[in-house]
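Commentary on secondary and tertiary structure
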Amino acid sequence: KLTQGLTVYGGYSEGSRAPSPSEIECANPAKPCVLPSSLASDPPTLRQVVSHTWEAGLRGNFAVPALGDQIISWNAGVFRTAVDDDIYAVATSLSTGFFQNIGGTRRQGAELGLHYRGERLSAFLNYSFVEATFQSALLLNSPENAFADANGNIQVRPGDVLPGIPAHRIKAGADYRLTSDWLIGGSVTYESTKYFR
């Protein structure tokens, strides 16, 4: 706690997960299966996924005289997660593929948030920026990709963007207490464009 209304925080954590049964049973390049549910072969060796996360930031609060000195809390932080032996679904055709360890991936970025809680009204606004990238080279089958070679493959390079993760996300919401028994509220989320595959 730096001051009455300002706190600094930091942390490091490690996590891991074992390959799921469907990943294990569908990890043989010689026997691709219909993704995501058909299983096709005996389990080959998939290594467990290990993540290393660093985070740091500030949290605080301040009173707003226009709201009767109600308190608004805020947070600002940065994070970086490096993943070793990430597991990825590699397509062999439009509907078949297999899972394999692909080396490293990384997700890093920043988060900002505002939170208000009054006697009847509470509201929040959160923003996050995530840069999600491959950190290891990888050859992927992608015949419809404009950059595919004569065999329908693309070369993924360290720094290329991971699909499925938008860079920007904004979420806002509010709740209003009509009575002691009734609460009405809603939220809205915006996500920037992302690669689907």
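Please read all numbers here as calculations on a predicted model, not as lab measurements. (Residues numbered from 1 in each chain as written. Predicted model: local features only at pLDDT ≥ 70, side-chain atom pairs only at ≥ 80, totals over all residues. Heavy atoms only, no water.)

**Here's the deal with the sheet that holds strand E6 (residues 96-101)**
With respect to topology, three strands assemble into an open sheet ordered E2-E6-E5, the strand pairing being antiparallel. Edge strands, defined here as strands with exactly one partner in the open sheet, are strand E2 (33-34) and strand E5 (87-91). Sheet topology note: the E2/E6 ladder contains two bridges and is antiparallel. The residue of E6 that forms the bridge with Val34 is Thr96. (Pairing = 2+ DSSP bridges. Helix = DSSP H or I, 4+ residues; strand = E, 2+ residues; numbered from the N terminus.)

**So, the layout of surface pockets**
In this model, the largest pocket occupies a volume close to 890 Å³. Lining of the largest pocket is provided by 25 residues; of these, Leu140, Ser142, Asn145, Ile154 and Arg197 occupy positions nearest its centre. Contributions of two or more residues to the lining of the largest pocket are made by E5, strand E9 (138-141) and strand E10 (153-156). With four residues, E5 is the largest single contributor of residues to the lining of the largest pocket. (1 Å grid on protein atoms, 1.4 Å probe; cavity = no way out; pocket = protein on both sides within 12 Å on 5 of 7 lines; lining within 4 Å. Points joined across faces, edges and corners; volume = space filled by probe spheres on them.)

**Observations regarding the packing of aromatic side chains**
Summed over the entire model, instances satisfying the criterion amount to two aromatic pairs. When the centroid spacing of 4.5 Å and the interplanar angle of 45° are considered together, the rings of Tyr12 and Trp54 count as tilted. Within this pair, whereas Tyr12 is found in strand E1 (residues 6-17), its partner Trp54 is found in strand E3 (residues 49-64), the two being separated by 42 residues in sequence. With relative accessibility at 55%, the residue Trp54 sits in the exposed group. Here the aromatic rings of Tyr88 and Phe134 are separated by 5.6 Å at their centres, their planes lie at 75°, and the arrangement is edge-to-face. A residue pair is termed long-range when its members are at least 10 positions apart, and Tyr88 in strand E5 and Phe134 in strand E8 (residues 121-134) qualify at 46 residues. When the ring centre of Tyr9 is taken as origin, the NZ or CZ atom of Arg59, which lies over that ring, is 3.9 Å away. (Phe/Tyr/Trp six-rings, centres within 6.5 Å; stacked < 30°, edge-to-face > 60°. Buried < 20%, exposed > 50% of the residue type's maximum accessible area, 1.4 Å probe, protein only. Lys NZ or Arg CZ within 6 Å of the ring centre and 35° of its normal.)

**Here we look at a nonpolar patch on the surface**
Together, Phe62, Leu114, Leu125, Ile170 and Tyr190 make up an exposed nonpolar region whose accessible area comes to about 440 Å². With respect to the helices, strands and loops of the structure, Leu125 is situated in strand E8. (Patch = residues over 30% accessible without salt bridge, like charges linked within 9 Å, V, L, I, M, F, W, Y side chains within 5 Å. Areas by Shrake-Rupley, 256 points an atom, 1.4 Å probe, with all protein chains shown as cover. Salt bridge = Lys/Arg side-chain N within 4 Å of Asp/Glu carboxyl O.)

**Considerations on the pattern of salt bridges**
Here the structure, examined in full by the defined rule, presents five salt bridges. Measuring nitrogen to oxygen at the nearest pair gives 2.9 Å for the salt bridge that ties Glu191 to Arg169. Within this pair, whereas Glu191 is found in strand E12 (residues 183-191), its partner Arg169 is found in strand E11 (residues 168-177), the two being separated by 22 residues in sequence. The partner of Lys194 in a salt bridge is Glu191, with the nearest N and O atoms 3.6 Å apart. Put simply, Arg169, Glu191 and Lys194 are held in one network by salt bridges that share partners.

**Observations concerning the sheet that holds E8**
The strand order across the open sheet built from seven strands is E1-E3-E4-E7-E8-E11-E12, with neighbouring strands paired in antiparallel fashion. In the strand order of this sheet, the two ends are held by E1 and E12, each with one partner. Neighbour-to-neighbour, the strand axes of this sheet turn through a mean angle of 15°, independent of strand direction. Pairing of strand E4 (residues 70-84) with strand E7 (residues 105-117) involves 12 bridges; the strand directions are antiparallel. Paired with Val83 across the two strands is Thr105, which belongs to E7. (Axes fitted to C-alpha atoms, helices over the stretch in contact; angles between N-to-C directions.)

**Focus: the nonpolar core**
Ranked by internal contacts, the top residues of the largest apolar core, which has 13 residues, are Tyr88, Ile102, Phe134, Leu138, Leu140 and Val156. Broken down by secondary-structure element, the contributors of at least two residues to this core are E5, E8, E9 and E10. Here the element with the most residues in this core is E8; it accounts for three residues. Here Phe134 is in contact with Tyr88, Ile102, Gly104, Thr105, Val156, Arg157, Pro158, Gly159, Asp160, Val161, Leu162 and Pro163, once residues within four sequence places are set aside. Counting eight residues, the second-largest nonpolar core is a separate cluster that includes Cys26, Leu46, Val83 and Ile87. (Core = buried A, V, L, I, M, F, W, Y, C linked by side-chain atoms within 4.5 Å. Contact = heavy atoms within 4.5 Å.)

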